[in-house]
Amino acid sequence: MAARLRILGIDPGLRVTGFGVIDCGGGQARYVTSGVIRTVDTDLPARLRTIFEGVQRVAAEADAQVAAVEQVFVNVNPRSTLMLGQARGAAIAALVAAGLPVSEYTALQVKQAVAGHGRAAKPQIQAMVARLLSLAAEPSPDAADALACALCHAHGGALVGALLGQTRTPLGATKRRGVRIRRGRLVQS
């Protein structure tokens, strides 16, 4: 029997954080579970606690071996970007506290891995995730994004890192050597 790798994907958000769990092995990905962690309109620290505790609970129940998290999208409003970054930080802290190695992917990388191009719309991602995982129905947008992040990791996250010449330092920082991604293609630096 082929070894399986269980991946927990996280799509962080201050109001809704999506999660998705898949098993990979034998060249196939299999759906395990997905859903969302919702916060109520309270103060920021209470929302961050809800995200932290929710991600910790999901990580414990999922029995995942690795986690994949979508990186923050910098938008026009700096305040919104900062708050999203704090939600992402709470999710990553929960994953690290659970003992999971965490890989990070940009939205462009995730969309390209799942839909074939980095400008795919949310409905396209939902449809492709449902198709790739043989789901009876499309998952919610946030759960689909989390499952897409897990699929991105499964479909070559480690390979892309190796091709980019990325290595991890003891403190987790990434060093790049020689090549980078430009417009979805590997190019030499």
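Keep in mind that this is a model prediction, so the values were computed, not measured.

**What to know about the pattern of salt bridges**
- A full pass over the atoms with the stated rule returns eight salt bridges.
- Where R88 meets E104, a salt bridge forms, and the shortest distance between an N and an O atom there is 2.1 Å. Within this pair, whereas R88 is found in helix α2 (residues 78-97), its partner E104 is found in strand β5 (residues 102-105), the two being separated by 16 residues in sequence.

**What to know about the layout of surface pockets**
- By volume, the second largest pocket is sized at about 420 Å³.
- Every element with two or more residues in the lining of the second largest pocket is listed here: α3 (107-115), α4 (122-132) and α5 (141-154).
- Its residues assigned to classes, the lining of the second largest pocket shows 10 nonpolar, two polar and seven charged.

**A word on the confidence of the model for the chain**
- When pLDDT is averaged across the chain, the result is 85; 81% of the residues are at 70 or more.
- Low confidence marks residues 158-177, where pLDDT is under 50. Its contacts with residues over four positions away, or in another chain, come to 26 contacts.

**Regarding the pairing of strand β4 (residues 66-70)**
- Summarising burial for β4: five of the five residues are buried, a large majority.
- Going residue by residue along β4, you find V66, A68 and E70 tucked away on one face and A67 and V69 tucked away on the opposite face as well.
- Two strands pair when backbone bridges link them, and strand β1 (residues 5-11) and β4 are joined in this way by four bridges, in the parallel orientation. When the bridges of β4 are listed, I10 appears paired with V69.
- In this sheet, β5 lies alongside β4 in parallel orientation, the contact comprising four bridges. Residue pairing in the sheet places E70 in a bridge with Y105 of β5.
- Once the chain exits β4 it traverses α2 before rejoining the sheet at β5, and the crossover so formed is right-handed.

**Describing the environment of L8**
- Its location among the elements puts L8 in strand β1.
- Given the relative accessible area of 0%, L8 is considered buried.
- Along the chain, L8 and V21 lie 13 residues apart, while their C-alpha atoms are 4.6 Å from each other.
- In this view, L8 contacts F19, G20, V21, V58, A59, A64, V66, A67, A68, L95 and L100; residues no more than four positions away in its chain are not counted.

Quick notes on the rules
- Residues numbered from 1 in each chain as written.
- Predicted model: local features only at pLDDT ≥ 70, side-chain atom pairs only at ≥ 80, totals over all residues.
- Heavy atoms only, no water.
- Salt bridge = Lys/Arg side-chain N within 4 Å of Asp/Glu carboxyl O.
- Helix = DSSP H or I, 4+ residues; strand = E, 2+ residues; numbered from the N terminus.
- 1 Å grid on protein atoms, 1.4 Å probe; cavity = no way out; pocket = protein on both sides within 12 Å on 5 of 7 lines; lining within 4 Å.
- Points joined across faces, edges and corners; volume = space filled by probe spheres on them.
- Nonpolar A, V, L, I, M, F, W, Y, C, P; charged D, E, K, R; others polar.
- pLDDT = per-residue confidence, 0-100.
- Contact = heavy atoms within 4.5 Å.
- Buried < 20%, exposed > 50% of the residue type's maximum accessible area, 1.4 Å probe, protein only.
- Pairing = 2+ DSSP bridges.
- Right-handed = clockwise from strand over helix to strand, strands pointing away.

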